[in-house]
Amino acid sequence: MDMSSMEMSNENQFNANKDNDNDEDNTDLVYSMDTFEEDSRECMKLIGELSSLSGHLSGDSKVNVESRVEHLNERFIYLIDKWQTNPKLIESHVKQFLDSIIAVTTDTQFNGPVFHTCFRFVQRLVACIGPKTIGRYFPTEVVWLPKLIDWCERQSPEDTNSWPTRAAILLWLSMAVKTPFHLRKFDSNSSDDNPNQLTVSDRVYALIDNYLEKTDKSRDSAAILAANFLSRPDIVDQYMSRFVTDCLPHISTNFGYLMSVAVLFKIADRKNIRQFAERVIEIGVKLDTSGDLLMAKWKVKLIGRSTLSLLTPRIAKWRYKRGYRVLTDNITIQIGDEKQPKVKVDEKGDTIDDNEDDSDFSDIPEQIEVIIDSLLNSLHDKNTIVRYSAAKYLARLTNRLPKELATEVVSHVLQLCEWKESDNSWHGCCMALAELSRRGLILPDQLSDIVDVVQRALLFDEVKGSFSIGSNVRDAACYVCWSLSRAYDSQVIQQYVKKLGPTLVCVVCFDREINCRRAASATIQELVGRTQVFPHGLEVLVLTDFHSLSIRSHCYLSIALKLAEKPEFGDFLVEQLVNKCHHWDRDIREIAAQSLGRLSTVIDMNKHFPRLLSMSTSLDLNSRHGSILSIAHIISHCVIADKINAEFIGQMESIAITLTEKNLLRGIGGEFMKQALSVLIEKCSSVLLPINGDQKVFDVWIDVLQHSIDSEDVKTRKDAVTAVPIFCQNYLLNRPELLKKFLDLLTNHLMSVKESARIGVSECLRLMTTDVIDVQYYDQCFDTIVSHIKSDDFMCGSRASEVLTLVTMSQKYLPISEQKKLQIVECLCRALDDRTKDQKGDVGGNVRFAAIEASLLFINEMTDQQIIEILKLLTSQCLSLWKKERNLATNAFKEIVLNRDINQIDRQLIQTFFESSGDERVDEWKPFVQLLNVDTFTYSAWKGLVKCVANPNELYVRNVLKHELKSLNESVFKVFLDLYEENLSVDNLSLCCIKLAHFLLTSYQTSDELRTKLLTITWNCVRRVKDCQKLVAAIDVFCAALQNDESFKQSMSYLVIFLCHAFPRIRVQTANQLYVALLIVDDISEEAVNLLTETDWMQSLDNLRSIRDRICDELSIAKPRRPVNNAK
């Protein structure tokens, strides 16, 4: 968020919850003191654990300590970074953190992993809340100064991993060096005997000189250290001149020197530093900072601070002074007319004490014009922080200039708005105006020019390719208005408030960006509270509170309608909505059109209609699209109330004809036009607008609709589908020839090979009444749709739509023949089991969803046997891995079974299955696992379960099935064997069956017969396949059966074949799994186990077969025989 919004809405932002808008202001973090308390306790726990590791830094444990402290560091960074956007919550805990961290540093090994991790913690806090804040909490007792200097000297600047340690220690030293005692007192007594020994001052200066040339964060800390050190009274004469002289030649190439001099000008005493100001300014204005954000930012600071050191600190006497700073006093003035304000102004509107002695400004440097020019150039820098810094320093300098120069500064700032090619100049201008007005440096006679610029800036929006620029300009313009409301008396800005009011209301209602809407709301709040002259102020505040502006559609359709009822806002809101008709964003154009339609109920649109009509046939695509949509929505609200002139309605009828004659319905832009015309046709049809033209209008409309129905654009097709039924019912029903022509076109589109055409026509047929479509067309469409549903193509989108259409249309023509009912049920069953897949994934899921909905609609027309077939298919979907499908199918299953008596189903028994167990995840699976005991659904339940159990992530269904296995009959497992055997050639399902077989062998005490059949079917499934997934899963099945004596030989006979499989990976996997399985089998030959582990199973098969045979001999297993090819 821009700086202006941060200042205006800080409190609201702090308390904001997650925004409901789907496209803006999304944040997952809810700020509160309570939530940070939890993270604070965990941070202290991490610091305590770090302290416990300080005693384990020798021997073999050192490696483990390094790994552990790295983990602690990552966790601490994660906890602190969560709150980086709102550091105020952390600030109250900083002292507690620092005290604990510093205590660890004194008890641990110097430059050890724990020592460095402590300062990584400190540096993370610095990055979060800034060096200024954290510097206040460092201990600065005299005992720390020599220790910190020693720590810094013992660091290795070349070590790239320990830069946080160096940066944090130097920052701490910059606070400790501010000790009030003379630094000479810290020198040891031996320095008198040894003149070559460095003093404390020399050592600190050496550290500064060393680290200012680095490129890591220690450079920034060294710059702060240099400023604090050189500004000491006992150091100024000794080092300052030398330091500045050494730095100036390198300012343009070394950022460390630039930053240190800039910070020095901020901290040092003015009388000590001003002697260098002119030289610094001369070098600073010539700095080339193009492409370097930090250099550009600190160049502005350097020039601004050095200039301020030359100018005597003063508050300009000529500046505007507001008489009352308390809101209650302002309100009192508004109520009591007899009480005069304390502010006295002359006929020009200036304050009385604006006459000053020119000698007061004798300290103005000769380079003032160059300085101001440099700051003005920085106001249109590409970086926001540079522009903001330039605006602040420009305002501070202006406060120390005479009135004539200040007036020129304001004039030059206003000239920035003439640079139309750059939004940066507009933003810089607004920021500068805001900073100037906050300090009262803009006199009342200049406010009219300021307000004109601000009013344009509030609506600034320029298209750049496929996006627009200007949100930062609008946000900064709100900042200007906010500053004016706080700096000027209500009597001074009263006339301007009434001028800015409608514009601010437009920003609140119609701005695309949420931060701009909220900034305008904050500005209105200030204007209402401080001036008491904002039109309908309290009512506007209630409507435009912080949270109400979260959702864009609410602003356009609800807030704007209520505000448009006010005469001060209505016409201006409509005018801005008309301007929005050519907005670059399609969503904005559409919602602006809807808003215009609503506002037409309270505002006369006749004076805006000619402009909309002219825009509807313009060359600009966005203008045509937005204006036609606006006309459509206005018609839908105004024609019934007879608010539109007849001449405008006649011109509206010819829009489609004109666009067709100009060939504007073709190409990419044609999609937008067809969508807009579809909405226009739908709105005209809904209000039965009388068409005075000839048949040509209807011919064009029919042509537009029939081309819009098969559009690939979803919005275009959706609007056309909405328009077609109303158009046919209200216009074509009395024109049989046109209706027949249109229906023939729809029928042809239904038989198209284009998926979008099928979807569009099927959705139209679903909405049409029997008055429009007679039985003949119904029969024709019925046969076409049935053939599409039974096809095996990849048009799943059209099949999903056609399933619903088939049922919906048939219900309108009840009773229908039994043959048609049978065909519908057959189509529903086929759609419920649609498993089509393509590069997008399981696209058949959409068909299944539509079939579930259609089945519920048609359930009353089915026989009990047909319902049971539907329920079987639903049972498999109730055990789907896709939660959405699972929930839909479960709800449909319960609605059918529990609300209808079916002869072959025990409803009371199934009702007990759905009784809650207290665990939602278990209740999701348990009823359908229990359906295994219901003969009607056993096969379908197994079909769904095999996929769920095969998925390792579905632990709940595994646990539920494991719990229910003991209660299952043997016949239930035989059904699974039938399913397994029937789907050996279905790759996905057969793999799932193999995994379920492994689950049964490891989770249930199976009978010998079941186990033997499982092994046999599994072998038949994988004996000739090359799918490694199936082969590995089969190995697990055979190894699981080794634990039983009855199936040992059968399993081993399969496994020894895999030991000589053609794939090396399978051989290795078999040997490994077989070795693990044999370890828990009693009476196993050790020689066989050793052969499994000692053999390299990646070698050639010729060598491995003999080893495999030896294993067979050791385990008394028949040796596999290779098939012999009989050559003819």
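So, how was this worked out
Residues numbered from 1 in each chain as written. Predicted model: local features only at pLDDT ≥ 70, side-chain atom pairs only at ≥ 80, totals over all residues. Heavy atoms only, no water. Patch = residues over 30% accessible without salt bridge, like charges linked within 9 Å, V, L, I, M, F, W, Y side chains within 5 Å. Areas by Shrake-Rupley, 256 points an atom, 1.4 Å probe, with all protein chains shown as cover. Salt bridge = Lys/Arg side-chain N within 4 Å of Asp/Glu carboxyl O. Lys, Arg positive; Asp, Glu negative; His and termini not counted. Charge placed at Lys NZ, Arg CZ, Asp CG, Glu CD. Helix = DSSP H or I, 4+ residues; strand = E, 2+ residues; numbered from the N terminus. Phe/Tyr/Trp six-rings, centres within 6.5 Å; stacked < 30°, edge-to-face > 60°. Buried < 20%, exposed > 50% of the residue type's maximum accessible area, 1.4 Å probe, protein only. pLDDT = per-residue confidence, 0-100. Contact = heavy atoms within 4.5 Å. Axes fitted to C-alpha atoms, helices over the stretch in contact; angles between N-to-C directions. Parallel < 35°, antiparallel > 145°, perpendicular 65-115°, else oblique. Left-handed = near helix turned anticlockwise from the far one by under 90°. Expected span 1.5 Å × (residues − 1). Arc of directions from axis to C-beta. Polar contact = N/O pair within 3.5 Å; in protein donor to acceptor, adjacent residues only side chain to side chain.

## Topic: a negative patch on the surface
Together, Glu369, Asp373, Glu404 and Glu408 give the surface a local cluster of negative charge. When you line up the elements, glutamate 369 lands in helix α20 (residues 368-378).

## Let's talk about the packing of aromatic side chains
Taken as a whole and judged by the stated rule, the model has 43 aromatic pairs. Ring plane angle 85 degrees and centroid distance 6.3 Å describe the contact between phenylalanine 727 and phenylalanine 742, whose orientation is recorded as edge-to-face. Separated by 15 residues along the polypeptide, phenylalanine 727 in helix α38 (residues 714-732) and phenylalanine 742 in helix α39 (residues 736-750) bring together distant segments of the chain. Across the pair, exposure class does not vary: phenylalanine 727 and phenylalanine 742 are buried alike. When the ring of phenylalanine 893 is compared with that of phenylalanine 928, the centres are 5.5 Å apart and the planes differ by 75 degrees; the resulting orientation is edge-to-face. In this pair, phenylalanine 893 sits in helix α46 (residues 883-898) while phenylalanine 928 sits in helix α48 (residues 920-930), placing the two residues 35 residues apart along the sequence. Exposure class is identical for phenylalanine 893 and phenylalanine 928. Each is buried.

## Remarks on the confidence of the model for the protein
When pLDDT is averaged along the protein, the result is 86, and 90% of the positions lie at 70 or above. In the model of the protein, helix α2 (residues 10-14) stands out as the element of lowest mean pLDDT, 33, in contrast to helix α29 (residues 552-564), which has the highest, 95. Taken as a whole, residues 1-31 scores under 50 in pLDDT and shows 70 contacts with residues more than four places along the chain or in a different chain. Considering only residues more than four positions removed or in separate chains, one finds that residues 336-359, a stretch of pLDDT under 50, has 33 contacts.

## A few points about the pattern of salt bridges
Evaluated as defined, the whole model comprises 55 salt bridges. In this structure, arginine 124 and aspartate 81 form a salt bridge, with 3.2 Å as the shortest nitrogen-oxygen distance. Placement of arginine 124 in helix α7 (residues 113-129) and of aspartate 81 in helix α4 (residues 61-81) is noted, with a sequence separation of 43 residues between them. The class for aspartate 81 is partly exposed, based on a relative accessible area of 29%. Note that aspartate 587 and lysine 715 form a salt bridge whose closest N and O atoms lie 2.9 Å from each other. Placement of the pair is aspartate 587 in helix α31 (residues 586-599) and lysine 715 in helix α38, with a sequence separation of 128 residues. On the accessibility criterion, aspartate 587 (42% relative accessible area) is partly exposed. Taking the relative accessible area as the measure of exposure, lysine 715 reaches 32% and is therefore partly exposed. Look at the salt bridges and you will find they share partners, linking Arg586, Asp587, Glu590, Asp713 and Lys715 into a network.

## A look at the packing of helix α57 (residues 1086-1094) against helix α58 (residues 1101-1115)
α58 packs onto α57 with a crossing angle of 155 degrees between their chain directions and a minimal axis gap of 8 Å. On the basis of the axis angle, α57 is roughly antiparallel to α58. Classified by chirality, the crossing of α58 by α57 is left-handed. Between α57, through Glu1087, Ala1088, Leu1091 and Leu1092, and α58, the contact on the second element is made entirely by Ile1107, Arg1110, Ile1111, Glu1114 and Leu1115.

## Details of α58
For the α-helix, the turn length of 3.6 residues means that residues three or four positions removed from each other point alike. Helix length check: α58 (15 residues) gives 20 Å between terminal C-alpha atoms against 21 Å at 1.5 Å per residue, within 8%. Taken as a whole, α58 has its buried residues at Leu1104, Ile1107, Arg1108, Ile1111, Cys1112 and Leu1115. Taken around the axis of α58, the buried residues stretch over an arc of 150 degrees, which confines them to a single face. Close packing links the buried residues of α58 with α55 (1045-1058), α56 (1064-1078) and α57.

## Considerations on the side chain of serine 990
With respect to the helices, strands and loops of the structure, serine 990 is situated in helix α52 (residues 987-1003). With relative accessibility at 0%, the residue serine 990 sits in the buried group. A polar contact of 2.9 Å, which involves the side chain of serine 990, links it to the backbone oxygen of aspartate 987. In this structure serine 990 touches Tyr980, Asn983, Leu984, Cys1021 and Lys1030, once residues within four positions along its chain are discounted.

## Structural notes on unusual backbone geometry
That bond from leucine 814 to proline 815 is cis: its omega, -5 degrees, falls within 30 degrees of zero. For proline 815, the position within the fold is in the loop between α42 (796-812) and α43 (818-832). Of note, the phi angle at asparagine 111 is positive, near 60 degrees, even though the residue is not glycine. Structurally, asparagine 111 can be placed in the loop between α6 (94-107) and α7. Despite not being glycine, leucine 688 has its phi angle at roughly 50 degrees, a positive value. Looking at the element boundaries, leucine 688 is found in the loop between α36 (667-686) and α37 (695-709).

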